[in-house]
Each structure stands twice: as structure tokens, then as C-alpha cells.
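A look at the structure
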Amino acid sequence: MAHQLFVEKGFHATSIQDILDYSGISKGTFYNYFSSKSELLIGIYKTIFKELEKERTDLLVGHDRSDIEIFMKQLELQLILNKKNKLIALYEEVMASNDIDLKQFIQRTRLSTLHWYYARFIDIFGEDKKPYLLDCAIMFQGILQHNLQYNRMAFETGEKISHVVRYSVGRLVKMVEEVAESGSQLLEPEHLEKWLPSCNNNNQTFKQQLLHQAVSLRKAITKNFLTEGEQEKYLELLDFIQDELLHGHKPRKFLIESALGTLSSSFLKKELKQLEELIEEYFKQLEEVH
């Protein structure tokens, strides 16, 4: 339901309250599963990509991995799934936003797609052409994307996906032959290992721990006997702390401490202890780095 709203209204124009009203769930239930609207969108993406990965793999069962016809069927499947879920429009809106976590997630998915192309090209064209296949994967992404875009503009009834895929793959085959024959190389395949994963392991661990603590606190807030106004106040303070730490370029320690102080003056003292210790350790590590 959230996915439908994001497509119809736009991600930024859709509020959490819109999602609650449309789906008929409570705010407490929402926060049992997601710490923010951005995390919900990432969850939607992950669900779609998991489905795509399964269906692409199913197409290979019983077939030779070097069969280029199977690769074209995999591409068609990917493009149809993107179109069905309106992923391009959502990508464009996210990339135009200031949400750092969402933009980083989209960048990782693009790199993962590039890695998939590169791995499939090794299956199709062979290990001897491996040094040139990252360059070819990058160029192929551009060829396919722009062929689809202009084909869509040319035909009012919609782009002819199978025709565009076959034409683009035909150009790919010639390109791989020409690049390998000339021995030209722009980027070494080892760059993929540097690009993926794109985030620091320690930072990723902190984010996961913070999100876990935030979800636990939201449960505590919604389960306790508070007025609606008090619940709203504490949830907003928690949202601020989380956004400041995850999305702020330079998290403002004094503001976070002030918000924690307000929260700790409530019944949440016991529940807040782990969060306060986590944040204290985070700032300590930041000070050591700088």
C-alpha cells in the first residue's frame, strides 16, 4: 500500500500519516517494523530485488550459463519488473532528494546490477576477456538505458522491450570483440571490489544497532499508558535523534544530548540506557578519528 502511494503521490509528498490512513494500521504498529519512511522504501526495494534475483536464477536452471538467449530473457524480466513497480520514477525522485541513506542505498543497488552484468559477461564471453568486461558492462548499461528511454519516447504505446534488449545485446557482442581485440582497458575489474561494499563496516554496525534500539523504544512508548500528546512528543524526539545521527552530515551532539535528557526525565530511563551508551560510544569513536 505504501508502494502504491509512493507511485501515485511521490515519495516525498507521502507522509507516514498517509500510509497509516491508507493501510488502516496504527502508528505503533508501523514503528514495530520500520523506524522511518526511508527504511520502509528500502524494504520495498529489497523485496522487489529479492524477487528479481530468484526469477533470474530460475531462468538459468537446466540451461548453459553461456547461452546469450537466456541472458536476454533475464534482462527482459528485469526491465518488465522495473516497469511494473515504477522503479525508475522512484529512483529519480530519490536521487533528486537530500536523503543520504536512500541515495547510498540506490547507489549500492546500481553497483550490484553492474556486478551482475560483469559476472554474466564472464559466463558468456569467457575468462580470457575478463580484463575488458567491467568496461563493457558500464558501456552496456548506458546503451540499454538510453535505447529504452528514446524508444519509449518514439512509441506512444510503450517501448518494445524485447526488441530493445535484442538490439542492445547485438551491439554488446560486437563491442566485446572489438575491445578485446584492441586490448583497450579503461577500468580494471578490481575496482568492483573497492566499490562493493560502499560503506564502512563499523558505521554499518552502528546504524543497525541504532535502528534496533529505536524500534524497541517506540514499542515501549506506544505500549505504556500515555496520552496521545505525550506519545507524539516522545516519538518526535526519538525521530529527531535518529535522523540527526543517520542523516546529519555532522551530528550535533549538544542537541542529541538535550533530546535524550528530555526523554530520560520520563518513564523511559531504563529503556534509554542502552541507547545512551551506544550514542556515547559513537561520539567517542568520532573524536578518535578526528
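Residues numbered from 1 in each chain as written. Predicted model: local features only at pLDDT ≥ 70, side-chain atom pairs only at ≥ 80, totals over all residues. Heavy atoms only, no water.

**A word on the overall build of the protein chain**
As a reminder of what qualifies: Elements are defined by DSSP. Helices are runs of H or I of four residues or more, strands are runs of E of two residues or more, and each kind is numbered from the N terminus. The buried label applies to any residue whose accessible area, calculated with a 1.4 Å probe on protein chains only, is under 20% of its type's maximum; exposed applies above 50%, and partly exposed to all values in between. Any two residues whose heavy atoms approach within 4.5 Å are treated as being in contact. Working definition of accessibility: Shrake-Rupley area with a 1.4 Å probe, residue cover restricted to the visible protein chains. Counting rule applied: Lys, Arg positive; Asp, Glu negative; His and chain ends not counted. The location of each charge is read from NZ of Lys, CZ of Arg, CG of Asp or CD of Glu.
Counting its regular elements, the protein chain contains 14 helices and zero strands. Ordered by position from the N terminus, the helices and strands of the protein chain form the series α-α-α-α-α-α-α-α-α-α-α-α-α-α. C-alpha atoms of the protein chain, sized along the principal axes, occupy 70 × 50 × 35 Å. Within the protein chain, buried positions represent 40% of all 290 residues. Within the protein chain, residue pairs in contact and separated by at least 24 positions form 67% of the contacts whose partners lie at least 6 positions apart. About 16800 Å² of surface is accessible on the protein chain, with carbon and sulfur atoms providing 52% of the total. Side-chain charges of the protein chain comprise 36 positive and 43 negative groups, with the mean position of each set lying 2 Å from the other.

**Looking at a negative patch on the surface**
For the record, the criterion: The residues that make up patches have over 30% relative accessible area and no salt bridge, and they are joined within 9 Å when like-charged or within 5 Å when they are Val, Leu, Ile, Met, Phe, Trp or Tyr. A carboxyl oxygen of Asp or Glu within 4 Å of a side-chain nitrogen of Lys or Arg is what we treat as a salt bridge.
Taken together, the side chains of E257, E276, E277 and E280 define an acidic patch exposed on the protein surface. Broken down by element, the residue count for the negative patch peaks at three residues, all from helix α14 (residues 269–289). Topologically, E276 is positioned in helix α14. The class for E276 is partly exposed, based on a relative accessible area of 31%.

**Topic: the packing of helix α5 (residues 68–84) against helix α7 (residues 100–125)**
So the rule is basically this: Between N-to-C directions, angles cover 0 to 180 degrees, with each direction set by a line fitted to C-alpha atoms, over the stretch in contact for helices. The labels follow the angle: roughly parallel below 35 degrees, roughly antiparallel above 145, roughly perpendicular from 65 to 115, and oblique for the rest. Should the near helix be turned anticlockwise from the far one by less than a right angle, the crossing is termed left-handed; should it be turned clockwise, right-handed. Residues are sorted three ways: Asp, Glu, Lys and Arg are charged, Ala, Val, Leu, Ile, Met, Phe, Trp, Tyr, Cys and Pro are nonpolar, and all the rest, Gly among them, are polar.
Close contact between α5 and α7 brings their axes to 10 Å; oriented N to C, the two are set at 165°. The pairing of α5 with α7 is recorded here as roughly antiparallel in orientation. Crossing handedness for the pair α5 and α7: right-handed. Here I68, F71, Q74, L75 and Q78 of α5 lie close against α7, whose contacting residues are T113, W116, Y117, R120, F121 and I124. Of the residues assigned to the contact of α5 with α7, the class counts are seven nonpolar, three polar and one charged.

**A word on the packing of aromatic side chains**
We apply this condition: Aromatic contacts are taken between Phe, Tyr and Trp rings whose centres are within 6.5 Å, Trp giving its six-membered ring; a plane angle under 30 degrees counts as stacked, one over 60 as edge-to-face, and the others as tilted. In this scheme, the term charge over a ring applies when either NZ of a lysine or CZ of an arginine sits within 6 Å of the ring centre and within 35 degrees of the ring normal.
Scanning all chains against the criterion turns up 17 aromatic pairs. Pairing F30 with Y31 gives two aromatic rings, centres 5.2 Å apart and planes at 90°, and the pair type is edge-to-face. By relative accessible area, Y31 is classed as buried at 4%. An aromatic cluster of at least three residues, connected via ring pairs, comprises F71, W116, Y117, F121, F125 and F140. Sitting above the plane of the F11 ring, K37 keeps its charged end 4.5 Å from the centroid. Of note, R110 hangs over the ring of Y91, and the distance from its end group to the ring centre comes to 5.9 Å.

**Comments concerning the side chain of D135**
Stated formally: Between N or O atoms, a polar contact is any pair within 3.5 Å; within protein, one atom must be a potential hydrogen donor and the other a potential acceptor, and residues adjacent in sequence are included only when both atoms are from side chains.
Relative to the helices and strands, D135 resides in helix α8 (residues 130–154). Here L187 takes part through its backbone nitrogen, which lies 2.9 Å from a polar atom of the side chain of D135.

**Looking at α5**
The test is simple: Take the residue count of a helix, subtract one, and multiply by 1.5 Å to get its expected span.
Over its 17 residues, α5 runs 24 Å from end to end, which matches the ideal 24 Å to within 8%, given 1.5 Å per residue. Looking at the packing, one finds that the buried side of α5 touches α4 (37–60), α6 (87–95), α7, α8 and α9 (161–182). The backbone nitrogen of E69 lies 2.9 Å from a side-chain oxygen of the residue at the head of α5, namely D67. Just downstream of α5 lies K86, where phi reads positive at about 55°.

**A look at the packing of α4 against α7**
The angle between the axes and the distance between the axes are what describe a pair of packed helices. The contact between α4 and α7 brings their axes to 11 Å, and the two run at 10°. The orientation of α4 relative to α7 falls into the category roughly parallel. Across the interface between the two elements, S38, L41, I42, Y45, K46, F49, R56 and L60 from α4 touch L102, F105, I106, T109, W116 and R120 from α7. Across the contact of α4 with α7, the residue classes break down as nine nonpolar, two polar and three charged.

**Considerations on α9**
How we decide: Think of it as the arc spanned by the lines of direction from the helix axis to the C-beta atoms.
Across its 22 residues, α9 extends 31 Å between first and last C-alpha, which sits within 8% of the 32 Å expected from 1.5 Å per residue. Residues I161, V164, V165, S168, V169, L172, M175, V176 and V179 constitute the buried set of α9. In a view along the axis of α9, the buried residues occupy a sector of 125°, so they form one face of it. Exposed side chains of α9 directed beyond 90 degrees from the buried face belong to H163, K174 and E181. Taken together, the buried residues of α9 touch α5, α7 and α8.

**Some words on the nonpolar core**
Heads up, the condition is: Buried residues of nine kinds, namely Ala, Val, Leu, Ile, Met, Phe, Trp, Tyr and Cys, make up a nonpolar core once their side-chain atoms join them within 4.5 Å.
In terms of nonpolar packing, the biggest core is built from 31 residues, with F71, L75, Y117, F121, F140, L144 and L172 touching the most fellow members. Looking at this core, the elements that each hand over two or more residues are α5, α7, α8 and α9. For this core, the element with the most residues is α7, which contributes nine residues. When sequence neighbours within four positions are dropped, the list of residues in contact with F121 reads F71, G126, L133, C136, A137, F140 and L172. Formed by 25 residues, the second largest nonpolar core is a distinct cluster that contains Y31, L40, L41 and Y91.

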